Amino acid sequence: MFDETVTEAFLGDYAFAGCVPAPEIAVMKAPGPSLNQNSYLTDGRVDAARLRELYGTGHTIRLGNLQRVIPYMAALSQGIQQETGFSNYVHAFLTPAGEQGLRHHWDQQLAVIVQIAGTKRWPLWRPAVEAPMREYGESWRVWQPQYVPAWEAAGPEVVIDLRAGQSLLLPRGWVHNPHVPDETGNSVHLTFAIRERTLLWLAEKLVAEAIKNPAFRRVILPGDITGPTLTDQLSEARQALHQHLDKLNLDDLAPALREAARSELEYTT
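Calculation criteria
- Residues numbered from 1 in each chain as written.
- Predicted model: local features only at pLDDT ≥ 70, side-chain atom pairs only at ≥ 80, totals over all residues.
- Heavy atoms only, no water.
- Pairing = 2+ DSSP bridges.
- Helix = DSSP H or I, 4+ residues; strand = E, 2+ residues; numbered from the N terminus.
- Axes fitted to C-alpha atoms, helices over the stretch in contact; angles between N-to-C directions.
- Contact = heavy atoms within 4.5 Å.
- Buried < 20%, exposed > 50% of the residue type's maximum accessible area, 1.4 Å probe, protein only.
- Phe/Tyr/Trp six-rings, centres within 6.5 Å; stacked < 30°, edge-to-face > 60°.
- Salt bridge = Lys/Arg side-chain N within 4 Å of Asp/Glu carboxyl O.

(A) Looking closely at the sheet that holds strand β9 (residues 167–170). Here six strands make up an open sheet; going across it, the order is β1-β4-β5-β11-β6-β9 and the pairing antiparallel. With partners counted over all chains shown, the strands left at the sheet margins are β1 (25–28) and β9, one partner each. On average, each strand axis in the sheet is inclined to that of its neighbour by 20 degrees, with strand direction left out of account. Its contacts with the sheet place helix α1 (residues 8–15) against β4 (60–63), β5 (87–95), β6 (110–117) and β11 (187–195), and it is angled at close to 90 degrees to β5.

(B) Highlighting the pairing of strand β7 (residues 119–125). Of all the seven residues making up β7, six are buried; the element is thus mostly covered by neighbouring parts of the structure. With six bridges joining them, β7 and strand β8 (residues 158–163) adopt antiparallel strand pairing. Residue pairing across strands places Lys-120 opposite Leu-162, the latter belonging to β8. When β7 meets strand β10 (residues 175–176), the two strands line up antiparallel, connected through two bridges. By the bridge assignment, Trp-125 is partnered in β10 with Val-175.

(C) Summary view of the sheet that holds β7. Pairing is antiparallel in the open sheet, where three strands are placed in the order β8-β7-β10. With one partner strand each, in any of the chains shown, β8 and β10 form the two edges of the open sheet.

(D) Region of interest: the packing of aromatic side chains. Within this structure, the stated rule accounts for eight aromatic pairs. With a centroid separation of 6.3 Å and an interplanar angle of 35 degrees, the aromatic rings of Trp-125 and Trp-151 are classed as tilted. Here the residue Trp-125 occupies a position in strand β7, and Trp-151 occupies one in helix α5 (residues 147–154), the gap between them amounting to 26 residues. Taking relative accessible area as the criterion, Trp-125 reaches 5% and is therefore assigned buried. Look at Trp-151 and you get buried, because its relative accessible area is 10%. Their ring planes at 70 degrees and their centres at 5.6 Å tell us that Trp-143 and Trp-151 sit as a pair that is edge-to-face. Through successive ring pairs, a cluster of aromatic residues spans Trp-106, Trp-125, Trp-143, Tyr-147 and Trp-151.

(E) Quick peek at unusual backbone geometry. The linkage connecting Ala-30 with the following residue, Pro-31, adopts the cis geometry, with an omega of 10 degrees. Assignment of secondary structure puts Pro-31 in the loop between β1 and β2 (41–42). Phi is positive for Asp-43, which is not a glycine, with a value near 55 degrees. Looking at the element boundaries, Asp-43 is found in the loop between β2 and β3 (45–46). For Asp-43, a relative accessible area of 77% puts it in the exposed group. A positive phi angle, near 45 degrees, is found at Ala-131, a position not held by glycine. Within the secondary structure, Ala-131 sits in the loop between β7 and α4 (139–142). By relative accessible area, Ala-131 is classed as partly exposed at 38%.

(F) Structural detail: the pattern of salt bridges. Applying the stated criterion across every chain, the model contains 10 salt bridges. Note that Glu-236 and Arg-218 form a salt bridge whose closest N and O atoms lie 2.9 Å from each other. Pair noted here: Glu-236 is in helix α8 (residues 230–247) and Arg-218 is in the loop between α6 (199–208) and α7 (222–226), with a separation of 18 residues, a long-range link. By relative accessible area, which is 41% here, Glu-236 ends up partly exposed.

Next up, the structure:
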């Protein structure tokens, strides 16, 4: 059962008490970009009065990595990872009535949206990039100016009004344009960003074992990198990698990889 102490009032007190670490705060109001930290810092510290003023003028306040500061959230995050093997983090978004923080974009991980207070409207479009990851296909890396006009002309695949107490499973890559439709009620929601494991994650773990072989620790001479023999070096590395992978005992490796999935945090934002 979700902890009933994590309420709009609780998150508001945390947001506007001046104790949130500055790197964990983002302030935004569509259609503009996120504000520079200097907009809500005084003498290098979060200025609670300034942050409240920005919220009062329609800016969304994002509070990052709640699993680092709220014991219940830490336990919940750890429980998700123990059950699924997926690392994760939790952000809170406080958006004033009738306002919008972020415009159209997609995320590179699965998200579970939990509406704490008010209503948030989620127009959703099918992915523009198949199965994006942080290093591949992030929206800001591959953004094209015709995206928004094309999406708006076609209309969303579905529109969901998420109300307090409801949750939304948002697959990675799905385009969303969330905003608060109600002029009379503020919105507070939590985003559980679930860092799904991929085949690439497994491949990286398999390759990482190669460091135990002295052959892979051999230095490549500068001339072999900048000269015509680089292709030969690549061929040698590929052959050595094939041999390394063929010799691995996957049954022996599986327990270590299972434990890594349950313990590696990757609390990046």
